[in-house]
Amino acid sequence: MKASQFFISTLKEAPAEATLPSHRLMLRAGLIKASASGLYTWMPMGLRVLRKVEHIVREEMNRAGAIELLMPVVQPAELWEESGRWTFYGKELLRIKDRHERDFCIAPTCEEVITDIVRKEVTSYKQLPKNFYHINTKFRDEVRPRFGVMRAREFVMKDAYSFHADYESLVRDGYQPMYDAYCRIFDRLGLNYRPVAADTGSIGGTGSHEFQVLADSGEDVIAYSDASDFAANIELAQTLPLSGSRAEAAQTLNKVHTPNVKTIADLVAFLNVPIEHTLKSIVVEGEADGELVLLLLRGDHEFNDIKAEKLAGVKSPLTMADPAAIRAAFGANGGSLGPVGFGGKVYADYAVEKGADWVIGANEDDHHYTGFNFGRDAAEPEFVDLRNVVAGDPSPCGQGYLKLARGIEVGHVFQLRDKYSQAMNAVFLDNNGKSQVMEMGCYGIGVSRIVAAAIEQNHDERGIIWTDAMAPFQVVIVPMNYKKSDAVREAADRLYAELSAAGADVLLDDRDERAGVLLNDSELLGIPHRLVIGDRGLKEGTVEYARRTDSEAQSVALAEAAAKVLAALQA
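Everything numeric here is computed off the predicted structure, so don't read it as measured data.

Enquirer: Lay out the packing of helix α2 (residues 44-63) against helix α11 (residues 447-457) with the relevant residues and their values.
Expert: Interhelical geometry of α2 versus α11 gives an angle of 115° and a closest axis separation of 9 Å. Compared by their axis directions, α2 and α11 come out roughly perpendicular. Relative to α11, α2 is oriented so that their crossing is right-handed. Counted together, V49, L50, V53 and E54 of α2 and V447, S448, I450 and V451 of α11 form the full contact between these two elements. Taken together, the residues of the contact of α2 with α11 sort by class into 6 nonpolar, 1 polar and 1 charged.

Enquirer: Give me helix α1 (residues 21-28): which residues, what numbers.
Expert: Most of α1 sits out of view: 6 of its 8 residues are buried. Turning to α1, its buried residues number three or more, namely P21, S22, H23, L25, M26 and L27. The positive-phi residue at the C-terminal boundary of α1 is G30, with phi of around 70°.

Enquirer: Any details on the sheet that holds strand β15 (residues 292-298)? Residues and values, ideally.
Expert: Pairing is mixed across the open sheet formed by 4 strands, whose spatial order is β14-β15-β16-β19. In this open sheet, the two strands that pair with only one neighbour each are β14 (279-285) and β19 (382-384). Along the sheet, successive strands turn relative to each other by an average axial angle of 30°, direction set aside.

Enquirer: Can you explain the pairing of strand β28 (residues 529-533)? Please cite residues and give values.
Expert: Within β28, 5 of the 5 residues are buried, leaving the element largely enclosed by the surrounding structure. With burial as the criterion, each face of β28 is covered, one bearing H529, L531 and I533 and the other bearing R530 and V532. For strand β26 (residues 475-479) and β28, the ladder comprises 5 bridges, and the chain directions are parallel. Bridge pairing in β28 links V475 to H529. Bridging between β28 and strand β29 (residues 542-547) involves 4 bridges; their strand directions are antiparallel. In the strand pairing of β29, L531 is matched with Y545.

Enquirer: With reference to specific residues and values, describe the pattern of salt bridges.
Expert: All told, the structure shown has 43 salt bridges when counted by the stated rule. Notably, a salt bridge pairs E60 with R184, separated by 2.6 Å at the nearest N-O pair. Of this pair, E60 sits in helix α2 while R184 sits in helix α6 (residues 167-189), and the two are 124 residues apart along the sequence. A relative accessible area of 3% places E60 in the buried class.

The rules behind each value
- Residues numbered from 1 in each chain as written.
- Predicted model: local features only at pLDDT ≥ 70, side-chain atom pairs only at ≥ 80, totals over all residues.
- Heavy atoms only, no water.
- Axes fitted to C-alpha atoms, helices over the stretch in contact; angles between N-to-C directions.
- Helix = DSSP H or I, 4+ residues; strand = E, 2+ residues; numbered from the N terminus.
- Parallel < 35°, antiparallel > 145°, perpendicular 65-115°, else oblique.
- Left-handed = near helix turned anticlockwise from the far one by under 90°.
- Contact = heavy atoms within 4.5 Å.
- Nonpolar A, V, L, I, M, F, W, Y, C, P; charged D, E, K, R; others polar.
- Buried < 20%, exposed > 50% of the residue type's maximum accessible area, 1.4 Å probe, protein only.
- Pairing = 2+ DSSP bridges.
- Salt bridge = Lys/Arg side-chain N within 4 Å of Asp/Glu carboxyl O.

Here's what the structure looks like:
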């Protein structure tokens, strides 16, 4: 492709509202243009990247035995009402009416439509398993779209759905092949990623893994072992019970006046005590009407609401107790709460079990206890996992210790089981002629999000750094004075023809721009391999070659330049 026949629209500066590197660089490089909040046009340069990601995703899905179809973006409300998600999904589901006042939605995902198709087409176990996928635009009405295509309202997604006669087939013929296909996809894209065990969230089911691209700007935190391949989202990573015996109590229970102390930070500062000697109290609603549950964890630890929601007797979804109910049950307001005198269910985090002489709320406004000990001053709670792991915690797999890293979720695989097939009556006849509900899996990849995640992981002060697999062009030829120098033009055209004939994806930047503009744009656009041709080098029979990651270019004989680049691409 010659630049004069293409469209390049780079900017010196990104708009002020662009904060993430990927958002700034995608705008500066002219990959996308904003149409409205969370809505973007993919410009020609950006679309080339998007299509290359799609191509690899499609190849690996086909290789794994998935069958491509294309489902509608606009979907009827009736199907979503069958699954129960028409109301449950919330305001992110954009609901619309047609001219006949019938309800529809703009699809954020396609479980309902594909389940409807399969229940009408598949009737026998002999037709199972089946795995269908498509790559299409989705829409989620984000309350606060931000970070460019990282959290846009409209996005491109690959979603796949597998159907099975039993759970064993779901794991063997659906989940594991998709997990393996995702690993191949991200390997081919050249991304540094980790598959991590994850919570199933609103999608439902019994098991899932996220695929996280590691990047300092990632919104997610993942925990991984330094001695094994264990990795999990911090929401799901488990802490373990502590070994050994509980420390002996060395203090008596003492009530202390703590005026205007409402937070752990206030308490630590007021009493001048280590934060790890304090306990914080969280009160949530129980399953029974009017019942409250007290949750205790160390002051320096972060509460994990996903773990808490799964505790016996705790209302789901997790609901924080009403202040009036707290006052009635404890005799105090939040900030001064504790287990002494509380008659309801109490859970405490594992990290609390072996400690002694805690500082905790006294159930009297502006008062706390020092020297609190379980068993002596209040009944023993049930010790459970209530917190987020921290670096240095023992790995749940039993090997090594945990480290933490930030990641960007770009893929997710779920064992849906029968959540949708049961609700929508997707059944088949087994080999005994008996009707059975299908087992399901679903498998998503954020195609447009991968583009942004790759930039977050691979960029520098000069611009984007693409891998060969994702780059809009693999090679850029930058001729100095292309319009004015016959020698430069002849050499550039010859190299362009030779590389193109060999199958390389080449951009010949024949624009009539200053040398600085051409060179800066090549780096901003992140094209992996660059050949610079000038009259001075041609007099010596050389051109300059550099990878995007090189600090300096090297002189290469003009006659060997094409072979040099092709060897680098093959490597």
